[in-house]
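# Observations on chain architecture
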Amino acid sequence: MTDELLATQRAFSADDFRSRFQNASASVPLHQSADAGDHRLNSDFQIPDEDTLKKAAVLMGVIDRPEGATVLMTRRADHLATHRSQVAFPGGKIDLEDPSPEATALRETWEEVGIGEANIEVLGRSADYISGSGFRIKPVLAIVRPEFELVINEDEVAEAFEVPLAHVMNRESYTTDSRVWGGKARHFYRIPYDPLPSHNMIWGVTAGIMRSVLDRLYP
């Protein structure tokens with residue numbers, strides 16, 4: 001790693017991320033801002049009726065590494081019925097027993113990768129993300145203390161890895177792509193990252209949530 005790259009990564013610290021979140025939320029909490037979602041890149045996208053949207057929550061965990069903060073990512077297990085093998089945040093469906101989206105994100109993080117609440121400082125939520133697959137996803141932003149040991153739940157997760165915050169909070173890291181779903185071209189964000197194999201490409205909803213956070217915290 002070059003000295004310049006190392007200096008850039010160190011500039012993107014967990015403390016700075018926390019401060020940016022607090023400043024951005026000082027007047028209007030981020031989760032009360034306009035919804036993010038697939039409609040941002042697709043003008044013909046029809047947002048489903050609210051009653052039909054399935055509720056989910058994910059944890060965007062920023063790990064407090066001294067050499068520069070990173071973001072915790074997972075690759076979904078290859079045998080899952082939906083979104084198998086895709087890169088994602090820890091998270092899942094909001095259960096009736098969950099008292100809040102934050103509780104859902106914490107529960108799912110523990111169940112998927114074994115990181116418990118003692119190592120997680122919840123900052124708050126970002127704007128909801130409405131997906132073309134019919135979900136209203138509530139992103140929970142948090143700082144993760146690095147003193148954890150991953151315990152991968154192979155029923156849900158194939159692997160977990162970290163991506164530098166400096167990379168995903170940089171507009172130059174983003175490209176757009178499109179695929180045909182239901183006979184229509186659908187556009188979405190991609191975040192190439194050279195150290196990751198091609199099957200770990202960050203794209204779709206996960207990249208869209210990151211872009212929404214970037215737009216609010218790193219304008």
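In what follows, the accompanying structure is described. (Residues numbered from 1 in each chain as written. Predicted model: local features only at pLDDT ≥ 70, side-chain atom pairs only at ≥ 80, totals over all residues. Heavy atoms only, no water.)

## Remarks on the packing of helix α2 (residues 14-24) against helix α5 (residues 204-217)
The contact between α2 and α5 brings their axes to 9 Å, and the two run at 75°. Our classification of the angle between α2 and α5 gives roughly perpendicular. Of α5, the residues touching α2 (which contributes Phe17, Arg20, Phe21 and Ala24) are Val213, Arg216 and Leu217. Grouping the constituent residues of the contact of α2 with α5 by class yields five nonpolar, no polar and two charged. (Axes fitted to C-alpha atoms, helices over the stretch in contact; angles between N-to-C directions. Helix = DSSP H or I, 4+ residues; strand = E, 2+ residues; numbered from the N terminus. Parallel < 35°, antiparallel > 145°, perpendicular 65-115°, else oblique. Contact = heavy atoms within 4.5 Å. Nonpolar A, V, L, I, M, F, W, Y, C, P; charged D, E, K, R; others polar.)

## Structural notes on the sheet that holds strand β12 (residues 202-203)
Strand order across the open sheet formed by three strands is β10-β11-β12, with antiparallel pairing between neighbours. For this open sheet the edge positions go to β10 (175-181) and β12, each flanked by a neighbour on one side alone. Direction of pairing for strand β11 (residues 184-191) relative to β12: antiparallel, over a ladder of two bridges. Within β12, the position partnered with Ile191 by the bridge is Ile202. Seen against the sheet, α5 touches β11 and β12 and runs at an angle of roughly 60° to β11. (Pairing = 2+ DSSP bridges.)

## Concerning the pattern of salt bridges
Taken as a whole and judged by the stated rule, the model has 20 salt bridges. Among the ionic pairs, Asp95 bridges to Lys93, the shortest N-O distance being 3.1 Å. Here Lys93 falls in the exposed class, since its relative accessible area comes to 52%. Residue Arg107 is joined to Asp98 by a salt bridge in which the shortest nitrogen-to-oxygen separation is 2.8 Å. Using a relative accessible area of 14% as the deciding quantity, one classes Asp98 as buried. Ionic contacts of the salt-bridge type, sharing partners, join the residues Asp35, Glu50, Lys55, Asp128, Arg136 and Lys138 into one network. (Salt bridge = Lys/Arg side-chain N within 4 Å of Asp/Glu carboxyl O. Buried < 20%, exposed > 50% of the residue type's maximum accessible area, 1.4 Å probe, protein only.)

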